[in-house]
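Listed below, chain by chain, are the residues.
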Amino acid sequence: MACHHIIALAALLAGTPAAAAAEPVPADAAWSLSLPAEEKIDFRGQVNFDKAGQGPGAMLYPTPGLAGFIVALAAHAAVVKGQMKEQRSEIQADADRILVPFRKTLDTFSYGELAERAFPAASGVPWIGSGGRPQSGLLIASSPVFYMTQDQSALIIDNTVAVFQAGSELPLYTNTVRVVSRAVEVENEAVYWQRNDGQRLREMSAALYRASVEIVRAHALAPSTSTAGAQRSFRYQEGKSEAVERAEPISEQCGRALVRNLRGWLMSIPLKRMRAPAPECAGPAAPPAL
Amino acid sequence: MTFRWGLLLAAATVFLAGCATPPQASLPMGYRPFAEPGLRIGIAMSKLPKVDTRFPGAEWPLCHAAAALANAKLTAHARTLPADDLAGLKDDIAEALKLKGQLPVVIDEPLAVEQLPKTGSTARNAVSRDYSSLQSKYRLDKLLVVELTEVGISRPYSSYIPTGEPKGIVSGMFYMVNFTDHSYEWYLPVAQQKSAQGNWDEAPAFPGLSNAFFQAIEGARQAILQPLAN
């Protein structure tokens with residue numbers, strides 16, 4: 001449910017133009033990060049509601065008079081609403097079962113560790129806890145939510161961010177950034193992620209978080225360049241399955257595309273591998289492999 | 001008395017005739033359709049249905065009026081959604097057939113299946129309509145038909161009450177007719193239903209639901225293109 005609130009908020013904010021800054025922001029301004037105050041990272045099983053609410057039901061209102069009819073209608077609406085809510089909860093609970101093998105790791109995986117792994121001290125992007133405000137530069141207040149695909153082969157981050165200039169309570173930029181990792185090709189995905197106290201799960205989560213923050217840093221201050229009619233349906237890999245998103249292309253590099261979807265979210269998605277990666281994608285200057 | 005019996009018999013005949021023509025079952029595409037290279041395969045498509053909303057379960061006029069009123073913004077938006085990717089499906093099928101060594105013949109005009117004469121055949125996998133006119137006009141060996149019946153947004157109702165969230169839908173069927181014995185060589189019913197991710201009720205642009213609509217379109221396209229690519 002919280003996810004829906006975040007998504008709804010992000011959708012609203014995505015359509016809102018960035019508030020005008022009091023002063024122009026220098027391009028080389030320092031960046032800092034804040035993360036939610038909660039202890040544990042929000043990790044969920046990826047959910048699909050395509051099969052929810054299937055089929056119409058029939059209902060008769062054999063009540064005398066208009067008042068009786070309205071009462072019956074209201075009762076029917078309440079029952080149906082309750083059933084729909086229950087069905088969605090069940091689907092989400094089913095989806096979350098995919099995380100059972102990783103529960104021990106996830107119980108000890110904190111936002112602090114995520115920030116330290118994604119942006120170590122040498123990165124120059126300090127984590128200032130939750131609700132803090134930097135003395136200078138720019139702050140990215142982020143609320144990441146992670147998902148694991150149902151085949152356990154890939155991770156997804158939805159990072160809802162607000163960028164603030166030091167001293168300002170009005171965000172310069174708000175959006176959600178989604179980054180989808182490429183599916184791992186291993187015999188047993190659960191063992192792969194869980195080995196060494198969930199080292200790979202922690203590392204990939206940090207890599208996704210870092211990638212989402214870097215996308216924010218690259219786009220928060222850049223003028224939006226939406227082109228009418230440039231949208232098309234992108235097919236990409238979500239775990240071992242193919243997913244589709246209607247979006248506008250921004251860039252494509254090393255088998256990944258950066259697109260802007262219909263909600264205005266920025267999405268970094270792995271494209272289907274048609275050929276071997278270009279040499280520059282394997283070199284030391286290559287973008288981090290996701 | 002005889003007249004009454006005659007009426008009863010006529011009514012029973014009409015009633016039972018419905019049972020005599022069951023809907024065509026799904027028929028997987030085997031190896032046979034493309035075993036021989038260089039076949040002239042026509043590609044026809046019925047007129048694309050208008051992109052619109054529908055409310056199954058709210059068929060009674062008052063219920064339908066209430067559902068239409070409650071979803072007026074959604075309907076107004078749905079009618080602006082483009083279905084261009086479906087309109088270009090014939091050309092994509094032609095490309096896939098070329099790669100299989102066949103000679104695709106794209107039939108430009110929309111196919112009005114309901115206007116073709118009925119065959120009346122009850123044989124297994126026999127076509128229900130006579131496509132011979134297309135065979136002679138385009139000198140075809142086979143005909144691949146894309147017949148879409150619903151494209152848009154569907155929201156299930158129970159009388160006046162919505163029982164589910166709206167979904168992007170594309171329904172219809174794809175089939176291949178073999179003119180040597182007028183049978184289906186491939187018959188694939190398609191019913192793509194996609195939900196919005198997160199909240200769907202985001203008037204006026206409904207981005208989540210619009211995305212679901214485009215996902216349904218892409219799902220329907222891949223349902224036909226994937227078997228042709230194998």
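Everything quoted here is computed from the prediction, not taken from an experiment. Residue numbers run consecutively from 1 along every chain, following the written order of its sequence. Lettering for chains starts from A, numbering for ligands starts from 1, and both go in the order in which the items are written. The model is predicted, so local features are restricted to residues of pLDDT at least 70 and side-chain atom pairs to those at 80 or more, both for listing and for counting; the totals for chains, interfaces and linings are taken over all residues. As a convention, hydrogens and water are excluded, and side-chain values are obtained from all of the structure's heavy atoms.

Engineer: Describe the pairing of strand β8 (residues 256-261) of chain A, listing the residues and the values that go with them.
Structural biologist: Residues and elements named next belong to chain A. Counted residue by residue, β8 has six buried out of six residues, so it is predominantly covered. Relative accessibility decides the category of a residue: with a 1.4 Å probe and only protein chains considered, values under 20% of the type maximum give buried, values over 50% give exposed, and everything between is partly exposed. The numbering of helices and of strands both runs from the N terminus, where a helix is a DSSP run of H or I of at least 4 residues and a strand a run of E of at least 2. Here β8 shows no split at all, with Arg-256, Leu-258 and Arg-260 on one side and Ala-257, Val-259 and Asn-261 on the other all buried. Where strand β7 (residues 241-253) meets β8, six bridges bridge the pair, whose relative direction is antiparallel. Within β8, the position partnered with Ser-251 by the bridge is Leu-258. A pair of strands is labelled paired if DSSP reports no fewer than 2 bridges between them. Where β7 folds back on β8, the antiparallel hairpin that results is connected by two residues, among which Cys-254 adopts a positive phi of roughly 50°.

Engineer: Tell me what's going on with the pattern of salt bridges, and back it up with residues and numbers.
Structural biologist: Just to be clear on terms, a salt bridge is a Lys or Arg side-chain nitrogen sitting within 4 Å of an Asp or Glu carboxyl oxygen. Scanning all chains against the criterion turns up 24 salt bridges over all chains. Of the charged contacts in the structure, one is a salt bridge between Glu-218 of chain B and Arg-235 of chain A, with a shortest N-O distance of 3.9 Å. With one member in each of two chains, Glu-218 of chain B in helix α7 (residues 207-229) and Arg-235 of chain A in strand β6 (residues 232-238) form a pair that bridges those chains. Beyond isolated ion pairs, a larger network of salt bridges with shared partners links Arg-235 and Glu-242 of chain A together with Asp-92, Glu-218 and Arg-221 of chain B.

Engineer: So what's going on with the packing of aromatic side chains? Residues and values would help.
Structural biologist: What counts as a ring pair is set by centres within 6.5 Å for rings of Phe, Tyr and Trp (its six-membered ring), and what kind of pair is set by the plane angle: stacked under 30 degrees, edge-to-face over 60, tilted for all other angles. Enumeration according to the criterion identifies 11 aromatic pairs over all chains in this entry. For the pair Phe-43 of chain A and Phe-146 of chain A, a centre-to-centre distance of 5.3 Å together with 15° between the ring planes defines the contact as stacked. Here Phe-43 of chain A, found in strand β2 (residues 42-45), pairs with Phe-146 of chain A, found in strand β3 (residues 138-148); they are 103 residues apart in sequence, far enough to count as distant. For the residue pair Phe-43 of chain A and Phe-146 of chain A, the accessibility class agrees, reading buried in each case. Three or more aromatic residues link up through ring pairs in this structure, and these residues are Tyr-131, Tyr-175, Tyr-184 and Tyr-187 of chain B.

Engineer: Describe in detail the nonpolar core, supporting the description with residues and values.
Structural biologist: To define a nonpolar core, start from buried Ala, Val, Leu, Ile, Met, Phe, Trp, Tyr and Cys residues and group those joined through side-chain atoms within 4.5 Å. Membership of the largest hydrophobic core comes to 46 residues, with the highest contact counts inside it found for Val-163 and Tyr-209 of chain A. Secondary structure elements with two or more residues in this core: β1 (31-34), α4 (111-118), β3, β4 (155-165), β5 (171-180) and α5 (189-219) of chain A. Sort the elements by how many residues they give to this core and α5 of chain A lands first, with 12 residues. Those residues within four positions of Tyr-209 of chain A in sequence are excluded, and the remaining contacts are Leu-33, Ser-34, Leu-35, Leu-114, Ala-118, Phe-119, Ser-142, Pro-144, Phe-146, Ile-157 and Asn-159 of chain A. Among the nonpolar cores identified, the runner-up in size contains 40 residues, and Ile-43, Leu-74, Ala-94 and Val-151 of chain B belong to it. In what follows, residue pairs with any heavy atoms lying within 4.5 Å of each other are defined as contacts.

Engineer: So, the interface of chain A and chain B: which residues are in play, and what are the values?
Structural biologist: Think of interface size as the accessible area that goes away when the parts come together; that is how it is often given. On the chain B side, the residues contacting the 31 residues of chain A number 31 residues. Throughout, buried area stands for the accessible area (probe radius 1.4 Å) lost by two parts on being put together, summed over both. Interface area lost by chain A to chain B is led by Asp-50, Arg-246 and Arg-263 of chain A, which between them contribute 22%. With its nearest N and O atoms 2.7 Å apart, the salt bridge here joins Glu-165 of chain B to Arg-88 of chain A. The definition of a polar contact used here is a pair of N or O atoms within 3.5 Å, where within protein one atom must be able to donate a hydrogen and the other to accept one, and adjacent residues in sequence count solely through side-chain atom pairs. For the interface between chain A and chain B, the tally reads 15 residue pairs in polar contact (both at pLDDT 80 or more). Those elements that place two or more of their residues in the side of chain A that touches chain B are α1 (2-14), α2 (65-96), β6 and β7 of chain A. Looking at which element gives the most residues to the side of chain A that touches chain B, the answer is α2 of chain A, with seven residues.

Engineer: Outline the confidence of the model for chain B, listing residues and values.
Structural biologist: A score between 0 and 100, pLDDT records how confident the predictor is in each residue. Confidence along chain B averages 91 in pLDDT terms, with 90% of residues attaining 70 or more. Here the predicted complex carries an ipTM of 0.85, next to a pTM of 0.87.

Engineer: Tell me about unusual backbone geometry, and please be specific about residues and values.
Structural biologist: Residues and elements named next belong to chain B. Along the chain, Ala-203 connects to Pro-204 via a cis peptide bond; the corresponding omega equals 5°. Along the chain, Pro-204 falls in the loop between β8 (183-195) and α7. At Asn-125, a position not held by glycine, the phi torsion is positive, near 65°. For Asn-125, the position within the fold is in the loop between β3 (103-106) and α6 (132-138). Backbone geometry at His-182 places phi at a positive 50°, although glycine is not the residue there. For His-182, the position within the fold is in the loop between β7 (167-178) and β8.

Engineer: Give a detailed account of the side chain of Glu-185 of chain B, specifying residues and quantitative values.
Structural biologist: Residue and element names in this part refer to chain B. Secondary-structure assignment places Glu-185 in strand β8. The buried category is assigned to Glu-185, whose relative accessible area is 6%. A distance of 2.8 Å separates a polar atom in the side chain of Glu-185 from a polar atom in the side chain of Lys-142. Other than its neighbours up to four places away in sequence, Glu-185 contacts Leu-27, Pro-28, Met-29, Arg-32, Pro-33, Lys-142, Met-176 and Asn-178.

Engineer: Residues and numbers for the side chain of Glu-218 of chain B, please.
Structural biologist: Under the relative-accessibility criterion, Glu-218 of chain B is labelled buried at 5%. When neighbours within four sequence positions are excluded, Glu-218 of chain B is seen to be in contact with Ser-233, Arg-235 and Val-244 of chain A.

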